[in-house]
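# An overview of the molecular structure
Spelled out, the chains give:
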Amino acid sequence: MTDYIVVDGWRTPVLSGGRSERIAWMHSAAKPLQLLPLLDRGLDQAYALSPEELALLSSSHLGQPQHMEALRSLSAKTRLRESELVLPPTAPEGRISYQDWLLHGGRKRRLYHPCSGNHMAIMLLQRELTGGTAGYERMSSPAQQEILGYIQDYTGETPMLKLDHCGIPTYGISLGGIASAYQRLGKEAISGGTATRLVSALHANPVMVEGDGCISTVLCADSGLVAKTGVNHLLALSDQRRELGVAIISDRGWGDVVEALCRISVQISIINEESEYQLKQIVRFYL
């Protein structure tokens, strides 16, 4: 079963299919929204973060060389220590980076975890609010409470909460709420709001969002789209050209998500032919 909804700036459904009213856990699709408090406080500017580093803070990276280089630079600029991450040590998830990792001894690290950039962003926010990073993962922490306020504001909903796989809270939101949040994110980026810095970084460095051969990377390479996936086969997307928000989720896998996006694009022309081809190749060879 694949469920989807497309909404405009008034949260009005433009297209929908399946159980479009269903609740979905945002997982990594929340990462761009989780970064907004840091941007509003100007912490990216205070630490002179590059566009590559900024994109990585909302990523689900594969531990490829460009990701690790940016993580090392972030650590140096912010003086955040890898040992402060609550993430478990892991191997890199990218196929090539994993093979290279094996050849060089195969030592697991917290920085290899796909969510390490996201966690570093929350650590920076926690340190700004409390003077330290301890407890940044807890729902009761000042950082998580501030982020929750942004999630509520952008989705227009009070989310369900549970612990995500990576040890921080995730949010149960209706598909319409997720689509609305991305619609607003994309529109604010056009109007020159705080989101402009983030979206510009994603467009300039799409490979930092996930990695080579990944859905979000292909979509963010289009300067009119902002996209992020969640581990539960959730795709959240902003079509900035048409000021629309899209949320698609499938119980069967990424092939159905891509197929649904292509069907939607037949009616609304969200993605171009090249992006459609690349997405189908990813599904065929990688997912």
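Presented here is an overview of the structure given in this document. (Residues numbered from 1 in each chain as written. Predicted model: local features only at pLDDT ≥ 70, side-chain atom pairs only at ≥ 80, totals over all residues. Heavy atoms only, no water.)

## Thoughts on the nonpolar core
Selection rule: Nonpolar core, defined: a set of buried Ala, Val, Leu, Ile, Met, Phe, Trp, Tyr and Cys residues in which side-chain atoms within 4.5 Å join the residues together. Each residue gets one of three labels from its accessible area relative to the maximum for its type: buried under 20%, exposed over 50%, partly exposed in between, using a 1.4 Å probe on protein chains only. For the purposes of this entry, the term helix denotes a DSSP run of H or I that reaches at least four residues, the term strand denotes a run of E that reaches at least two, and both are numbered from the N terminus. Note on contacts: a residue pair is in contact if any heavy atoms of the two residues lie within 4.5 Å.
Counting residues in each nonpolar core, the largest one holds 66 residues, and the members touching the most others are Leu-35, Leu-36, Leu-57, Met-120 and Ile-178. Broken down by element, the residue count for this core peaks at seven residues, all from helix α8 (residues 175-190). Those residues in contact with Ile-178, other than ones at most four positions away along the chain, are Ala-24, Met-26, Ile-173, Leu-234, Ala-236 and Ala-247.

## Considerations on the sheet that holds strand β4 (residues 160-163)
Worth spelling out the cut-off: Between any two strands, pairing holds if DSSP finds at least two bridges. Note on geometry: axes are lines fitted to C-alpha atoms, helical ones only across the stretch in contact, with angles between N-to-C directions running from 0 to 180 degrees.
With respect to topology, three strands assemble into an open sheet ordered β3-β5-β4, the strand pairing being antiparallel. This sheet does not close on itself; its edge strands, each paired only once, are β3 (23-25) and β4. In this sheet, adjacent strand axes meet at a mean angle of 30 degrees when their direction is disregarded. Sheet topology places β4 next to strand β5 (residues 169-174); four bridges connect them, and they run antiparallel. Its bridge partner being in β5, Leu-163 is matched across the sheet by Pro-169. Lying over the sheet, helix α7 (residues 142-155) contacts β4 and β5, oriented at roughly 15 degrees with respect to β5.

## Re the packing of α8 against helix α9 (residues 195-204)
In plain terms, the rule: An angle below 35 degrees is read as roughly parallel, one above 145 as roughly antiparallel, one from 65 to 115 as roughly perpendicular, and any other as oblique.
Viewed as axis vectors pointing N to C, α8 and α9 meet at an angle of 95 degrees, and their least axial separation amounts to 7 Å. By the angle between their axes, α8 is roughly perpendicular relative to α9. Of the residues in α9, those in contact with Leu-185, Glu-188 and Ala-189 of α8 are Ala-195, Thr-196 and Val-199.

## Remarks on empty space enclosed by the protein
How we decide: Points on a 1 Å grid over protein atoms alone make up a cavity when a 1.4 Å probe fits among them but cannot get out, and a pocket when they form an open set with protein on both sides within 12 Å along at least five of seven lines; lining residues each have an atom within 4 Å of a point. Grid points are joined across faces, edges and corners, and a volume is the space filled by probe spheres set on the points.
This structure, assessed with the given rule, holds one cavity of 30 Å³ or more. When its volume is computed, the largest cavity comes out at roughly 60 Å³. In this structure, the largest cavity is lined by 13 residues; those nearest its centre are His-27, Ser-28, Gln-34, Asp-164 and Ile-168. If you list the elements that add at least two residues to the lining of the largest cavity, you get α1 (31-40) and β5. Ranked by residue count, the leading element in the lining of the largest cavity is β5, at three residues.

By themselves, these are just geometric observations and shouldn't be taken as functional.
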